[in-house]
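Structure assessment
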Amino acid sequence: MPVNKRVRFLMVEDSEDDAELLLVKLRHAGYDLDCVRVDSEKAMRAALGEGGWQLVISDYVMPGFSGLRALQILREVNPDIPFILVSGTVGEETAVEAMRKGADDYIMKDNLARLIPAIERELREAAERRERRRTEESLFQERERALITLQSIGDCVITTDAQCQVDYMNPVAESVTGWSYGEAHGYPLTEVLPLVDEITRLPIQNPSELSLATGQTIQASDPCVLTNRNGQEHNIEVSTSPIYDRDNRIVGTVLVFHDITRERRMARQMTWQATHDSLTGLANRDEFADRLAYLLEGVDEQGTHEHALLYLDLDQFKVVNDTCGHNVGDELLKQLSRTLRANVPASASLARLGGDEFGVLLENVDLTQATETANHLRSTFADFTFEWEQRRFAVGVSIGLVPINAQTPSPSFVLSTADVACYVAKESGRNRVHIYQDSDIDLGERHNEMHWVSRIKEALESDRFVLYRQKIQSLNGGDRTPHFEFLVRMRDQDNKMIMPGAFIPAAERYNLMNTIDRWVIDAAFAYLRRMQLHGDEGIYAINLSGNSLNDDDLPEYIQKKIGQHKINPGQLCFEVTETAAVFNLEKVSHMIRLLKALGCRFSLDDFGSGLSSFGYLKSLPVDFLKIDGSFVRDMHVDPMNRAIVEAIHQVGHSLSIRTIAEFVESGEIAHKLRTIGVDFGQGYHFGKPEALRDPQTVRLRRPKVG
């Protein structure tokens, strides 16, 4: 007879006879059994709550309960307890499924000879797992202690006795405090480590004294300043803990502090750099805007606080820059910045707003006082002479002045109107002060557009245009081909992304859209070539502006680029707006037929926003009709817009044109569109525009800017 082996196990079995058969087998094998039998989920959960189980043996099929459910419950409670299924009613597939879900073994009732070896194996492996876990936990604790020790070595460590006198200090603490261990031993910690508040510079209580008094670990909430024995200041972070003896009495403290002087210095430097112009030392545009916003918050409705903003633009700076070079221009800006500081009130905020543009924010001044300051600056700059290598340059300044009062709407309004006023001063003959008036706004709009023209040309020359793409989602599930639309963005000199709504109007007015469209075509084709090599078969839409539709050479250019990049024309879909198509109907129809002959597709964009005449659709053999988003975005709450969307869709389908709804921003709108039968949806509900993820960088030819 085998030696008795104690085992506590849970039997999930509805048949007493079968349960007894298993118990007989186990007793015969020498097991001293502590067994509980259950036959329902409730009973099993109650038994598992008692704990201490070494093994679970379960039947597979029971009335209202199953072995797989028992397995699931056990794994929720304890994933480590071995689970063995014993059944005579199921086959091999069920056994495989049970093992896949976490059973440790599966034994048929007609082959119970395997039961005892299986139990012995699972108990042995469970014991090994427990031992391995204990070993891993021990190793983890050892590793944690080692890490703490290594970290402490890098920090300053000082221990004290119960009277808060220095008992030990490590070499790092010696270096920071200026005290050697031999000199500091027995001295009060407050003399070795005198601490003051970082902001108020008032003395603070030493953390070790607090730890001795409270018996708690003390972590200083804010960094403090240590002035060491040599008079050097260090920003430090401090924590301290009490030290106990075997009788649980506090016998001293251990104080750990970290020198963050370098981090503090770098943080201050980074903060300064983020808010100031590195050349002149003046505030930058963002910081100036923040100060302006703060000032506006203090303007009350009674008008007791009035302020003013001066926008200065140097009149002859470009002459110096072009004739003497940028280094000399930088020196001129530095000298003028110092002159500016010396000729405004001490309370004024100064900033360099652009290359040769400056801002002055005057606090608590009325219009008369602000005008006097502006005229004084104009006169001072007019008298200023810049000398370089025996050459003399006169530098004037044009100044725009904007009063700030309770009616001033926003910081952006102040800055934009000040820029406009400065532009008017320049247009009026330079070297003068102009106070902003509402009638200046038309000139300002023209001025802003001209600004955009130069920025667009510079961006084209510097390769700072960027392509994004947005998903076009099939709504009926019938078309599984991925659809996307290319969208153009522009980066400014600070690498900030500019949306097309900001620069496209100026590009259209000043005939730059044809150049931008050709850049987009080049960039899109280069991207598609790369993606096609990686198996991409999606359809990509490219927008063509009204300017490009008047370009007789554009179809030939597109055909040439298709051949150059070896593009599959079937992946291309060119988009033209409804308004542009109507006003160029003959040219658009001709272009569509030429490019469709190559295999390209066409889409009519923003349908419904222009003339909305269904008749001309017969003359435009387009493949897609994009329903303007102004009707789509609220069609779920506006019955009229829903009717318009449905009408456009029905007319499109009657002409075998598939429809795309723009501005799909919610699941509710998408559901309404599916109900109508619209083919595709585009909008934030399906995905925001995303930057192109090209497998390799594509270098593009820079376009010529006319």
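Presented here is an overview of the structure given in this document. As the structure is a computational prediction, the values presented were derived from the model and not from experiment.

Quick look at the sheet that holds strand 21 (residues 433–435) now. Within the open sheet, the five strands sit side by side as 16-17-15-20-21. Their pairing is mixed. Each end of this open sheet is capped by a strand with a single partner; those strands are strand 16 (349–352) and strand 21. Within the sheet, the average angular offset between the axes of one strand and its neighbour, ignoring direction, is 20°. Bridging between strand 16 and strand 17 (residues 357–362) involves four bridges; their strand directions are antiparallel. Bridge pairing in strand 17 links Ala351 to Gly359. Against the sheet, helix 14 (residues 367–383) touches strand 15 (307–314), strand 17, strand 20 (397–404) and strand 21, its axis set at about 165° to strand 20. Across the face of the sheet, helix 15 (residues 411–427) comes into contact with strand 15, strand 20 and strand 21 while running at roughly 140° to strand 20.

This brings us to helix 2 (residues 41–50). Within the sequence span of helix 2, burial applies to Met44, Ala47 and Leu48. For helix 2, the arc enclosing every buried residue in end-on projection is 100°, short of the 170-degree limit, so these residues lie on one face. Away from its buried face, by an angle of more than 90 degrees, helix 2 presents the exposed residues Lys42, Gly49 and Glu50. Where helix 2 is buried, its residues contact strand 1 (5–12), strand 2 (31–38), strand 5 (65–66) and helix 3 (67–77). Backbone geometry just downstream of helix 2 places Gly51 in the positive-phi region, at approximately 75°.

What follows concerns the environment of Leu123. One can find Leu123 in helix 5 (residues 115–154). Taking relative accessible area as the criterion, Leu123 reaches 18% and is therefore assigned buried. On a C-alpha basis, the gap between Leu123 and Val7 in space is 9.1 Å, while along the polypeptide they are 116 residues apart. Other than its neighbours up to four places away in sequence, Leu123 contacts Val7, Tyr31, Gln54 and Leu55.

Per the counting criterion, the structure on display carries 41 salt bridges. In this structure, Lys5 engages Glu120 in a salt bridge whose closest nitrogen and oxygen atoms are separated by 3.3 Å. Of this pair, Lys5 sits in strand 1 while Glu120 sits in helix 5, and the two are 115 residues apart along the sequence. The class for Glu120 is partly exposed, based on a relative accessible area of 32%. Among the salt bridges present, the one from Glu662 reaches Lys626, with a minimum N-O distance of 3.9 Å. Of this pair, Glu662 sits in the loop between strand 29 (658–661) and helix 25 (667–676) while Lys626 is found in strand 28 (residues 624–627), placing the two residues 36 residues apart along the sequence. If you follow the salt bridges from partner to partner, you end up with Glu13, Asp18, Asp59 and Lys109 in one network.

The rules behind each value
- Residues numbered from 1 in each chain as written.
- Predicted model: local features only at pLDDT ≥ 70, side-chain atom pairs only at ≥ 80, totals over all residues.
- Heavy atoms only, no water.
- Pairing = 2+ DSSP bridges.
- Helix = DSSP H or I, 4+ residues; strand = E, 2+ residues; numbered from the N terminus.
- Axes fitted to C-alpha atoms, helices over the stretch in contact; angles between N-to-C directions.
- Contact = heavy atoms within 4.5 Å.
- Buried < 20%, exposed > 50% of the residue type's maximum accessible area, 1.4 Å probe, protein only.
- Arc of directions from axis to C-beta.
- Salt bridge = Lys/Arg side-chain N within 4 Å of Asp/Glu carboxyl O.

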